[in-house]
Amino acid sequence: MRDNLKDIKDISNYLASTPSATHWSRIGVRRRAGILFPLFSLNTEANLGIGEFADLNLLAEWCSLTGHSIIQLLPLNDSGSSNVPYSAISAFALNPIHLSCSAMDGYEENEGLTVRIERIKLVCRSTKRVDYGYIFREKMSLYEDIYLLFREKERGNLSDSFDKYCLDNRDWLDDYGLYMALREEYRGERWEKWPREYKEYENNSLEVFREGHGERINFYSYLQWQTEKQFLAAHNYAASKNVLICGDLPFLVARDSADVWSRQSLFHLDRSAGAPPDQFSELGQKWGFPTINREIDFQSGHDWHKKRLKQAEKFYDIYRIDHALGLYRIYSVMVDEPDARYGWFDPADESTWEKQGEYMMKMMLETSHMLPVAEDLGMVPDCVRPNLKSLGIPRTIVDRWERNYRGDYNYVAPSETEAIAAHYLSTHDTETVWEWWKNSESDRQDMYEAVSGDGFPPRVLDDELHEAILERCYRSNALWAINLPQDIFSGKIFSEKPELHRINIPSLISDSNWSYRFPITLDDLVSDKDAYIKGENRRIRKLIEDSGRI
């Protein structure tokens, strides 16, 4: 679909006529550059081997230095002991693993805590990747002791601000705290394996358990209070630097989650969401997440969706709608099927998909002031992209997949890219641009012709070609150009073994997934002392300036 919106005034006038007009007016319609940086990947001198909310302050400073005005994050929902950010055990709770111990209410410098913190730092600095399991165990142990210090300081009572937080968030926090206490009681066993009186949410026995485990429930509520305080502080600091925060809301939650346990009728427990067989997977994909019971969802007035959006808008200015196609239709598979070959689309009637998706998108726009960005994986029903444009909702564009599929199959020229879009070279689920160039011979040839004319491209991407590809993305007609940090830096660090810099390989169970830690500390990026870093910061800012994104 070609876009006749080129001039920023024309784009602004068009967006002012769409249902998302107030959302755009809140953040401003202008060309922006953004950075897609998973919080867990942030590397600082202060953190304990995994990115922490406070680290976003340094990232916002670097963004201000280089001209970026959007920080896009991956989901930050609590995922328990799992490092998969899209497998949330709560659609509301934040992941406490990202807390900074020294900023927690109750923390005090004492020999015991200081020695333990320094030991964790020492262990984590010995590895180049995030050791999620080790960090999760060690930090949870630290949190236990800091919570006890907090209780001692309050002389056994809880503070007024904590009480207020619990009261303001009781709609989801009460169930989450109870779920976490039960999960702990049964050593992490999924809720479907709990005794009957506890796995059935509407049961008087739960109140008895709640009364007997109030201290554990308070502990998990305390952690959520701290995550909110620290994330809000980071968001406010980013705002002071004129940097927007873009969140990522998982489309569905894990089967073993507080949401599914406490709202069992809202989910089809006999079904799994997924994707049909395609050229990438002959068996299709079966994700394991139960699908939404649309009838119950409509009857409730979309209460769950609305509440999670209101919770998210505390922290984000923009949010990515994970698997946006699921709002139009969702591919469902029975849970007892071994793979996804025999699934079906819900709703089954394709003629209803556009109406269904538009209705849900409008509901989301009406519920929250955050501007949504719809994930677009390329293979979508014809109705989706025009529908998103009519709503004023930007879609994601991944550069390597943006071709003239109904024409000459060449890459879409930057000047012809849709305006209401976010343009990426890579995503968290793809190869970086360095690895893609190395592994994709036909794509490499076509991209070389797009940026350099005729001839044969080198097997290894050099800095000159990398600069041309990056410049091509920034020159895109799309309002936003958002890239991974490993895609925008030159090849000194990222080109030799590019596979080491990938974030995730879908459908592959591997320790390398979701454990990427950026090799340069944010402290060094911001200090601008190293000659290489200083040169890179200036080069990046010039690219962004020259493309009119500052």
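Given the structure is predicted, the values throughout are model-derived calculations rather than measurements.

Student: Run through the overall build of the protein chain, naming residues and quoting values.
Tutor: Within the protein chain, the regular secondary structure consists of 22 helices and 14 strands. In summary, the protein chain has a C-alpha radius of gyration of 24 Å against a globular reference of 24 Å for 550 residues, a match within 12%. Along the longest, intermediate and shortest principal axes, the C-alpha atoms of the protein chain span 75 × 60 × 45 Å. Within the protein chain, the fraction of its 550 residues that count as buried is 57%. Contacts spanning at least 24 positions in sequence make up 75% of the contacts within the protein chain whose residues lie at least 6 apart.

Student: Help me get a handle on the side chain of T227, residues and values and all.
Tutor: Here T227 lies in helix α10 (residues 214-240). Beyond its immediate sequence surroundings of up to four residues, T227 is in contact with F53, L94, N95, P96 and L99.

Student: With reference to specific residues and values, describe helix α5 (residues 132-153).
Tutor: Helix length check: α5 (22 residues) gives 31 Å between terminal C-alpha atoms against 32 Å at 1.5 Å per residue, within 8%. Just beyond α5, the residue with positive phi is R155, at close to 55 degrees.

Student: Can you lay out the packing of aromatic side chains for me, pointing to particular residues and giving the numbers?
Tutor: The final tally for this structure, using the stated rule, is 35 aromatic pairs. Measuring from ring centre to ring centre gives 5.9 Å for Y86 and W514, while their planes differ by 50 degrees; the resulting arrangement is tilted. Remark: W514 occurs in the loop between α20 (491-494) and α21 (522-527) and Y86 occurs in the loop between β2 (70-72) and α4 (111-125); sequence separation between them is 428 residues. No difference in accessibility class separates Y86 from W514, as the two residues are buried. Where Y201 meets W261, the ring centres are 5.1 Å apart and the plane angle is 90 degrees; that geometry is what we call edge-to-face. Here W261 lies in helix α11 (residues 258-262) and Y201 lies in the loop between α8 (196-199) and α9 (205-212), a separation of 60 residues in the sequence.

Student: Break down a nonpolar patch on the surface for me, citing the residues and quoting the values.
Tutor: The grouping of L377, W401, Y405 and Y409 at the surface amounts to a nonpolar patch, some 440 Å² of accessible area in total. With respect to the helices and strands, Y405 occurs in the loop between β12 (395-398) and β13 (421-424). The partly exposed category is assigned to Y405, whose relative accessible area is 49%.

Student: So what about the packing of helix α6 (residues 160-168) against α10? Which residues, and what values?
Tutor: Running from N to C, α6 and α10 point in directions that differ by 95 degrees, and their axes come no closer than 10 Å. Classified by the angle between their axes, α6 and α10 sit roughly perpendicular to one another. Between α6 and α10, the contacting residues are S161, F162, Y165 and C166 on the first element and N218, S221, Y222, Q224, W225 and E228 on the second. Counted by class, the contact of α6 with α10 contains five nonpolar, four polar and one charged residues.

Student: Summarise the sheet that holds strand β10 (residues 344-346); cite the residues concerned and give the values.
Tutor: In space, the four strands of this open sheet follow the order β6-β5-β9-β10, with antiparallel pairing throughout. Two strands in the sheet have a free side with no partner beyond their single neighbour: β6 (285-286) and β10. Summarising the sheet, strand β5 (residues 271-275) and β6 pair through two bridges and their orientation is antiparallel. Within β6, the position partnered with G274 by the bridge is K286.

Student: Tell me what's going on with the side chain of E418, and back it up with residues and numbers.
Tutor: Mapping E418 onto the fold places it in the loop between β12 and β13. Residue E418 is classed as buried on the basis of its relative accessible area of 6%. A distance of 2.8 Å separates the side chain of E418 from the side chain of R395, its partner in a polar contact.

Student: Break down the pairing of strand β1 (residues 32-36) for me, citing the residues and quoting the values.
Tutor: β1 sits mainly inside the fold: five of its five residues count as buried. Alternating positions in β1 separate into two faces, R32, G34 and L36 on one and A33 and I35 on the other, with burial throughout. In this structure, β1 lies alongside strand β14 (residues 480-483), joined through four bridges in parallel fashion. Bridge pairing in β14 links G34 to I482. Pairing analysis gives three bridges linking β1 to β2, with the strands arranged parallel. Within β2, the position partnered with L36 by the bridge is Q72. Note that the unit made of β1, helix α3 (residues 55-66) and β2 has a crossover that is right-handed.

Student: Account for the pattern of salt bridges, naming residues and giving values.
Tutor: Scanning the model with the defined rule gives 40 salt bridges in all. With a closest N to O distance of 2.7 Å, D168 and K164 form a salt bridge. Taken together, the residues D168 and K164, both in helix α6 and four residues apart, mark about one turn of the helix. Between E228 and K314 there is a salt bridge; the shortest N-O distance is 3.0 Å. Within this pair, whereas E228 is found in helix α10, its partner K314 is found in the loop between α13 (303-312) and β8 (318-321), the two being separated by 86 residues in sequence. Within the structure, one salt-bridge network assembled from shared partners comprises D376, R385, R395, E402 and E418.

Student: Quick one: what's the story with the environment of Q486, residue by residue and with numbers?
Tutor: Following the sequence through the fold, Q486 ends up in helix α19 (residues 485-488). Under the relative-accessibility criterion, Q486 is labelled buried at 2%. For the pair Q486 and F518, spaced 32 residues apart in the sequence, the C-alpha separation amounts to 7.9 Å. Reaching out from Q486, the side chain makes a polar contact with the backbone oxygen of H501 at a distance of 2.9 Å.

Student: Quick one: what's the story with the pairing of β14, residue by residue and with numbers?
Tutor: Taking every second residue as pointing to the same face, both faces of β14 are buried, with W480 and I482 on one and A481 and N483 on the other. Taken together, the two bridges between β13 and β14 define a ladder with parallel strand orientation. Along β14, the bridge assignment pairs H423 with A481.

The rules behind each value
- Residues numbered from 1 in each chain as written.
- Predicted model: local features only at pLDDT ≥ 70, side-chain atom pairs only at ≥ 80, totals over all residues.
- Heavy atoms only, no water.
- Helix = DSSP H or I, 4+ residues; strand = E, 2+ residues; numbered from the N terminus.
- Rg over C-alpha atoms; globule rule 2.2 N^0.38 Å.
- Buried < 20%, exposed > 50% of the residue type's maximum accessible area, 1.4 Å probe, protein only.
- Contact = heavy atoms within 4.5 Å.
- Expected span 1.5 Å × (residues − 1).
- Phe/Tyr/Trp six-rings, centres within 6.5 Å; stacked < 30°, edge-to-face > 60°.
- Patch = residues over 30% accessible without salt bridge, like charges linked within 9 Å, V, L, I, M, F, W, Y side chains within 5 Å.
- Areas by Shrake-Rupley, 256 points an atom, 1.4 Å probe, with all protein chains shown as cover.
- Salt bridge = Lys/Arg side-chain N within 4 Å of Asp/Glu carboxyl O.
- Axes fitted to C-alpha atoms, helices over the stretch in contact; angles between N-to-C directions.
- Parallel < 35°, antiparallel > 145°, perpendicular 65-115°, else oblique.
- Nonpolar A, V, L, I, M, F, W, Y, C, P; charged D, E, K, R; others polar.
- Pairing = 2+ DSSP bridges.
- Polar contact = N/O pair within 3.5 Å; in protein donor to acceptor, adjacent residues only side chain to side chain.
- Right-handed = clockwise from strand over helix to strand, strands pointing away.

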